[in-house]
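# Examining the three-dimensional arrangement
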Amino acid sequence: MTGLSVLVRLVAAVGGGYAVAAGLAALAAVALPAGGLMARSEAVVLASMLAFLVYLGLLIWAFANRRLLRLCLVMAVAGIASWGGAWGLLRLTAGG
């Protein structure tokens, strides 16, 4: 691994992993109360705790994965999908 690829992996792991984990936490925090599964405050706490595990898994996977392009694509697609899903579900449940 060259120094540049390590730097790109580090940025993808820290920045991309955070974006994906936060997006999934936001999606879960909106989806659980919308589905009537739990109260909003409990859903936010549960989603935040689970986001730490997701973030840890993405950090480990970023350095275990051999292909740098796949890493960047997965982080970008997962981040866009999770934040887009959270935003869309929030707009849908808020009625506007």
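This structure is a prediction, so every number in the text was calculated from the model and none was measured.

### Points about the packing of aromatic side chains
Here the structure, examined in full by the defined rule, presents one aromatic pair. Here the aromatic rings of Y18 and Y55 are separated by 6.3 Å at their centres, their planes lie at 80°, and the arrangement is edge-to-face. One end of the pair, Y18, is in helix α1 (residues 3–34); the other, Y55, is in helix α2 (residues 40–64), and 37 residues separate them in sequence. With relative accessibility at 21%, the residue Y55 sits in the partly exposed group.

### Examining the packing of α1 against helix α3 (residues 68–94)
Contact geometry of α1 with α3 gives a least axis separation of 8 Å together with a crossing angle of 25°. As summarised for this structure, α1 and α3 are arranged roughly parallel, according to the angle between their axes. The chirality of how α1 crosses α3 is left-handed. The residue inventory of the contact of α1 with α3, partitioned by class, reads 21 nonpolar, eight polar and one charged.

### Thoughts on the side chain of S5
You can see S5 is positioned in helix α1. For S5, the side chain forms a polar contact with the main-chain oxygen of T2, separated by 3.0 Å.

Definitions and cut-offs
- Residues numbered from 1 in each chain as written.
- Predicted model: local features only at pLDDT ≥ 70, side-chain atom pairs only at ≥ 80, totals over all residues.
- Heavy atoms only, no water.
- Phe/Tyr/Trp six-rings, centres within 6.5 Å; stacked < 30°, edge-to-face > 60°.
- Helix = DSSP H or I, 4+ residues; strand = E, 2+ residues; numbered from the N terminus.
- Buried < 20%, exposed > 50% of the residue type's maximum accessible area, 1.4 Å probe, protein only.
- Axes fitted to C-alpha atoms, helices over the stretch in contact; angles between N-to-C directions.
- Parallel < 35°, antiparallel > 145°, perpendicular 65-115°, else oblique.
- Left-handed = near helix turned anticlockwise from the far one by under 90°.
- Nonpolar A, V, L, I, M, F, W, Y, C, P; charged D, E, K, R; others polar.
- Polar contact = N/O pair within 3.5 Å; in protein donor to acceptor, adjacent residues only side chain to side chain.

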